[in-house]
Amino acid sequence: QERALGVLHATKGETDAAYDAAVARLLGEIASATASSNEVSAPPPAALLVATHNRASLEKAVESMERLDLPRDCPQVHFAQIMGMVDNLTYALGSAGYNATKLVVFGNLREVLPWLLRRVQENRDAFGAQSA
């Protein structure tokens, strides 16, 4: 019998909470390393790509960065969303000085359409954020 390799949460709320906790933990590690690093050439112990369309998760990440005194342009922290999804949030992050990136999906339509439809299905709540 095969065993599950990861944790599957029962609800979206539990999934979001686990994601937010992981982001907070990595931001804490980055902040600790930044504060204690005396050697300029030392490689960072962690880097983080906050890849979510969830407004609340983005806000929590930004609040954590502020609380931890991480600069908005911290080279170890980047935000990313798929082009065409919550563009307003990505642009707001970039305008505020955060490292913000858009994922541009390309390829054969037959190959990328199922993937894109899955992302839309997973992020239905994000489309409400477009008008907010």
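Everything that follows concerns the structure shown earlier in this document.
Visitor: So what about helix α1 (residues 12-36)? Which residues, and what values?
Guide: For α1, built from 25 residues, the straight-helix expectation of 36 Å at 1.5 Å per residue is met to within 8% by its first-to-last C-alpha distance of 36 Å. When α1 is considered as a whole, its buried residues turn out to be Asp20, Val23, Leu27, Gly28, Ile30 and Ala31. On its buried face, α1 is in contact with β1 (48-51), α2 (55-67) and β2 (77-82).

Visitor: If you had to explain the sheet that holds strand β3 (residues 100-103) to someone new, which residues and values would you point to?
Guide: What the three strands build is an open sheet, ordered β1-β2-β3; its pairing is parallel. Only two strands of the sheet have a single neighbouring strand rather than two, namely β1 and β3. Within this sheet the neighbouring strands show an average axis-to-axis angle of 30 degrees, counted without direction. Bridge analysis of β1 against β2 gives four bridges, and the strand direction is parallel. Note on β2: the bridge partner recorded for Leu48 is Val77. Those strands touched by α2 are β1 and β2, and its axis lies near 170 degrees from that of β2.

Visitor: Summarise the packing of α2 against helix α3 (residues 87-95); cite the residues concerned and give the values.
Guide: Where α2 meets α3, the axes come as close as 11 Å, and the angle between the chain directions of the two elements is 10 degrees. Between α2 and α3, the angle falls in the class roughly parallel. Judged by the sense of rotation from one axis to the other, the crossing of α2 with α3 is right-handed. When α2 is examined against α3, the residues Arg55, Leu58 and Val62 are found in contact with a partner set consisting of Asn88, Leu89 and Leu93.

Visitor: Account for the packing of aromatic side chains, with residues named and values stated.
Guide: Two measures describe an aromatic ring pair: the distance that separates the ring centres and the angle between the ring planes. Throughout the structure, instances matching the rule amount to one aromatic pair. For the pair Phe79 and Tyr98, a centre-to-centre distance of 5.7 Å together with 85 degrees between the ring planes defines the contact as edge-to-face. On the criterion of sequence distance, the pair formed by Phe79 in strand β2 and Tyr98 in the loop between α3 and β3 is long-range, its members being 19 residues apart. Tyr98 matches Phe79 in its accessibility class, with the two residues each being buried.

Basis of the calculations
Residues numbered from 1 in each chain as written. Predicted model: local features only at pLDDT ≥ 70, side-chain atom pairs only at ≥ 80, totals over all residues. Heavy atoms only, no water. Helix = DSSP H or I, 4+ residues; strand = E, 2+ residues; numbered from the N terminus. Expected span 1.5 Å × (residues − 1). Buried < 20%, exposed > 50% of the residue type's maximum accessible area, 1.4 Å probe, protein only. Contact = heavy atoms within 4.5 Å. Pairing = 2+ DSSP bridges. Axes fitted to C-alpha atoms, helices over the stretch in contact; angles between N-to-C directions. Parallel < 35°, antiparallel > 145°, perpendicular 65-115°, else oblique. Left-handed = near helix turned anticlockwise from the far one by under 90°. Phe/Tyr/Trp six-rings, centres within 6.5 Å; stacked < 30°, edge-to-face > 60°.

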